[in-house]
Structures are given as C-alpha cells and as structure tokens.
Amino acid sequence: MSSPVLVCALRGINAYEALAGALKGLTQCKERLSTSGSLPQAVMALTPEVTFRQAILFFTEADFVTDDGNILPLLSRNTDTTHSKSLCFSFSVDESWRCHAESLFTYLHTGAQVLCTVLLIKPGVWSQNLARILRNLHLEKFTVVGMKHLNLEPAIALGLLPSEVKQDPAVLEAHCTYLTSGTALVLCLQRPNAVKKLMDLLGPEDPKLAQALDPCLWRAQYGTNTVHNGFYSSKSYQMAVWDMKLFFPEGLCCAECQTLEEEEV
C-alpha cells in the first residue's frame, strides 16, 4: 500500500554520528513510543557521497539555501511502502552555509570550517603552566595563530564578565580586581569547531563543579573558585569575532584565517 514518507535534510556538528545515535535510541525505546504494530522506520545516508546522491533526488538548490543561508529542507512525499518511513540526510556544518547545487558535493567533502576562538589565561596561571597548556592545546589539534601578554584595563575586564556576575557588585569587584591584578596571556586558537571544543575542554565556570564532572577539565585542574577559575574563552562564534578584534586588531599570523575581515553576525 502507499504511505507518506518524510524526507529531511539535517545539519549539525558531527551530524552522521549524532543522527545515528538518535535513531539507535529511537529503536531501543520503540515499545514506549508506539503501541501499534506498525512503527515508523528510518533510513539515513551514511556518507557524504550517499547524502549527495540521495539529496539531489528530492531537493533543489532553492530547497537547501534560504535567505539567511540556513539549510532547512523538509518534504513529505508518497511512495510505495508497507510502513511509514523517514529518509534522513545529514550534513556536517558549522555556523553558516553558502553554496550552489553544483558545489554541494564539494561542500559535503570539505567538512567543518576551520574557525578561531580566543583563550585568555588569567593572571598567575599561565606563567606557571604555559608549557603544559600549550602541549595540551597541541594534543587537541589547536593551532596558535595569535599570542600576546597584557595587563587588562578595567573596562576590558568588565566586558569579559558574564551578565550574572555584573548583578552582584561585590562579586563584580572581586572579578575585576583579580583580572587586573597581573599579566594575562591571550591566545587566538584555530581548529574545526574551535569555540565549542575549547569550552568543552575548560568545563564549567565553577572549578568545584568542573571537578565533580571530570577532574581532567582544565578549570578543575587550574582553578580554585569562580573568581580564580583559570581561563576565559569566547562563548560563541560571534563573541570570538569580537574578542579577536579586541585583542588582535593588528591581525593574526595565519594567511588562511580571514575571520577579522568578516562582519560580525
């Protein structure tokens, strides 16, 4: 008999692995999701090559690229099948996508775009642990494309603090006093998915919480409390652009990095 099929093209970080995990979980708990004898079945593309071949069967360039550059195709079609099915494509991408139909295959092979982020190692931490920190960054596939040590001005220190800190004058003063108490080291780091990867390495702002989650997190190793927590890092790609313009207005030592030439999103 004929039943509708839902065709989706999905994007995300590590899209193939994430989608496969989600479908596996759906299969494992299908008894709780449905009481009928006919359960939805899902089929996904497993490689960029298969994704491309299947995607061009269902979508056009207009389907893939919207006005803001996001991939948002979603179609429902009829096909001859005995059960309802979902056909899923996955795309490993980062913040945005601009391409034409003829370059889709190349884009899928390119993978995640190399991005930059900013790591500020707070006073008293980098001078004693720099060699170890740089080695760990190398092991995590980061490339240092900018480095400088500086004494933070109070206004700059204030701009680095999250909004919840600024709501308490005493906490705000403690943070600002510490950040301006000595020399900080600022690094601009480059790798695919740089912003999230660095945040995952650092862990929560509270070193005690980081210690409880994983003693290997950097704030668990180098921090003592929410003020003396070792590091500041850009929280988003937009913030990374702002941080790079703030700390490296002269540019970066990497010809491939064009982030400072881009507009903030």
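In the annotation of an unreviewed UniProt entry, the entry for the protein chain reads TXND3 protein, and the organism field reads Formicarius rufipectus.

Turning to the sheet that holds strand E6 (residues 143-150), a few remarks are in order. Paired through their backbone hydrogen bonds, the strands of a sheet run either parallel or antiparallel. The strand order across the open sheet built from four strands is E6-E7-E5-E8, with neighbouring strands paired in antiparallel fashion. In the strand order of this sheet, the two ends are held by E6 and strand E8 (231-233), each with one partner. Each strand of the sheet is rotated relative to its neighbour by a mean of 20°, with strand direction disregarded. Pairing geometry for strand E5 (residues 114-121) and E8, over three bridges, is antiparallel. Bridge pairing links Leu119 to Ser233 in E8. Across the sheet, helix H10 (residues 194-202) is in contact with E5, strand E7 (184-192) and E8; its angle to E5 comes to roughly 35°. Across the sheet, helix H13 (residues 237-247) is in contact with E5, E6, E7 and E8; its angle to E5 comes to roughly 60°.

Attention now goes to the nonpolar core. Counting residues in hydrophobic clusters, the biggest one holds 23 residues, and the most contacted among them are Leu120, Leu152, Val186, Cys188, Met244 and Phe247. Of all the secondary structure elements, the ones that give two or more residues to this core are E5, E6, helix H9 (169-179), E7 and H13. Among the nonpolar cores identified, the runner-up in size contains 19 residues, and Trp126, Leu137, Leu202 and Val227 belong to it.

The subject of this paragraph is the side chain of Ser233. Within the element layout of this structure, Ser233 appears in strand E8. When sequence neighbours within four positions are dropped, the list of residues in contact with Ser233 reads Val118, Leu198, Met199, Leu202 and Arg219.

This part is about helix H6 (residues 126-139). At Arg132, H6 shows its largest kink, close to 35°. As for H6, its buried residues are in contact with E5, E6, E7, helix H12 (218-222) and E8.

Our next topic: the pattern of salt bridges. On inspection of all chains with the given rule, the structure shows five salt bridges. Residue Lys148 pairs with Glu250 through a salt bridge whose shortest N-O separation is 3.1 Å. Of the two residues, Lys148 sits in strand E6 while Glu250 sits in the segment after H13, which places them 102 residues apart along the sequence. A relative accessible area of 24% means that Lys148 is categorised as partly exposed. Residue Glu250 is classed as exposed on the basis of its relative accessible area, which comes to 53%. Arg219 is paired through a salt bridge with Glu205; the nearest N and O atoms lie 3.9 Å apart. Remark: Glu205 occurs in the loop between H10 and helix H11 (207-213) and Arg219 occurs in helix H12; sequence separation between them is 14 residues. The class of Glu205 is partly exposed, set by a relative accessible area of 34%. One salt-bridge network, in which partners are shared between bridges, spans Glu205, Arg219 and Lys235.

Analysis parameters
Residues numbered from 1 in each chain as written. Predicted model: local features only at pLDDT ≥ 70, side-chain atom pairs only at ≥ 80, totals over all residues. Heavy atoms only, no water. Pairing = 2+ DSSP bridges. Helix = DSSP H or I, 4+ residues; strand = E, 2+ residues; numbered from the N terminus. Axes fitted to C-alpha atoms, helices over the stretch in contact; angles between N-to-C directions. Contact = heavy atoms within 4.5 Å. Core = buried A, V, L, I, M, F, W, Y, C linked by side-chain atoms within 4.5 Å. Buried < 20%, exposed > 50% of the residue type's maximum accessible area, 1.4 Å probe, protein only. Bend = angle between axes of the 7 residues up to and from the residue. Salt bridge = Lys/Arg side-chain N within 4 Å of Asp/Glu carboxyl O.

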